[in-house]
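Below, each chain spelled out in residue letters.
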Amino acid sequence: MTLSPGPLFQRPLPRPRAALRLVCVPHAGAGASLFRSWAELLPPDVELVAVQLPGRENRVRERPFTSGTGLVDAVSGALAGEVRPPYALFGHSLGGMLAYELATASQSGVHPGGRPAPHPPERLVLAGCRAPDVPPPHTGDRGPSADDVATELADLAGTPPEVLRNRVLLKMLEPMLRADLELARTWPWRRPLPLAVPLTTFAAADDPMAPPEAVAGWQRYAPQGLRARRMPGGHFTLHEDGGTFLAMLYAELTAAPAMASCPHPRTSGETKDGR
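Calculation rules
Residues numbered from 1 in each chain as written. Predicted model: local features only at pLDDT ≥ 70, side-chain atom pairs only at ≥ 80, totals over all residues. Heavy atoms only, no water. Helix = DSSP H or I, 4+ residues; strand = E, 2+ residues; numbered from the N terminus. Buried < 20%, exposed > 50% of the residue type's maximum accessible area, 1.4 Å probe, protein only. Contact = heavy atoms within 4.5 Å. Areas by Shrake-Rupley, 256 points an atom, 1.4 Å probe, with all protein chains shown as cover. Core = buried A, V, L, I, M, F, W, Y, C linked by side-chain atoms within 4.5 Å. Phe/Tyr/Trp six-rings, centres within 6.5 Å; stacked < 30°, edge-to-face > 60°.

Caption draft 1: The arrangement of the overall build of the chain in detail. Across its full length, the chain holds 9 helices and 7 strands. Looking at the chain as a whole, 53% of its 275 residues are labelled buried. In the chain, once contacts between residues fewer than 6 apart in sequence are set aside, the share between residues at least 24 apart is 80%. If you sum the accessible surface of the chain, you get close to 12,000 Å²; carbon and sulfur atoms cover 54% of it.

Caption draft 2: Molecular detail of the nonpolar core. Among the nonpolar cores identified, the biggest contains 46 residues, and F9, V23, L124, W189 and W218 are the most heavily contacted of them. With 8 residues, helix α3 (residues 94-105) is the largest single contributor of residues to this core. When neighbours within four sequence positions are excluded, W189 is seen to be in contact with G68, T69, L71, V72, L94, M97, L98, E101 and L183. Grouped together as the second largest cluster of nonpolar side chains are 25 residues, C24, A39, F202 and F245 included.

Caption draft 3: Quick look at the environment of A131. Here A131 lies in the loop between β5 (124-127) and α4 (146-157). Each C-alpha atom of the pair A131 and Y221 lies 8.3 Å from the other, and the pair is 90 residues apart in sequence. In contact with A131, not counting residues within four places along its chain, are W187, A214, G217, W218, R220 and Y221.

Caption draft 4: Region of interest: the packing of aromatic side chains. Under the definition given, this model contains 10 aromatic pairs. Ring centres of W38 and F90 lie 5.7 Å apart, and the angle between their planes is 50 degrees; on these two criteria the pair is classed as tilted. With W38 in helix α1 (residues 36-41) and F90 in strand β4 (residues 87-92), the pair connects residues that are 52 residues apart, well separated along the chain. By the burial criterion, W38 is buried, and F90 matches it. An aromatic cluster of three or more residues is present, and its members are F35, W38, F90, F202 and F245.

Bear in mind that shape data such as this cannot, by itself, settle questions of function.
Here's what the structure looks like:
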């Protein structure tokens, strides 16, 4: 499957002269609008680029990806042509899984089909994302019943209760939601590789989907350095207090070479630098 004509990358607040682009990939079931408020909260030297995959929001009529490898190949090819470096990659939950795969794909130098691979990011930042060799919290196959699907959608996709109760709306969104859940269950989609770029992880203390011990496994994939941050709260805590999280995220971006000369704001949280 190739990407449909709908825009893959959205820039809520274009900043073509920014020192760094921050490419954000949302969690399962979510779309680019999730990051709209972040664009205004980030400093003017960062341009936010939100990923809008088929099957959601303004692309709801497009067929969602069901193949992880096909998803990576398509987004990687678009990233090479549409996002000018330097940039950093951020992903939450399923978005973190895709962001990691995009980062490792950029290390190959050649995209499938012979096209150039995207330039590697300055830093990869993952939130609420288990390491590739850590089993998912739901190891068994769920049944096809609506109740089983609704339970998993609430856990992993953060689907609001009002959506789950609205059978008409849920039926319209169900193909995309089921596709995202299947992508999360079957990850990693390729043999996991060590990262060639620095890594930052955010782990929430009470996250049942990616508990701190599951996130700690990223140490095995970060030979270029790992900065491990801890937060209170659960799987979606980063969106519950966006201002606080963005301050922590911006502090990580200033650790990237392209932002090294920018002021480093004071933040809370644990940091471990393995470089």
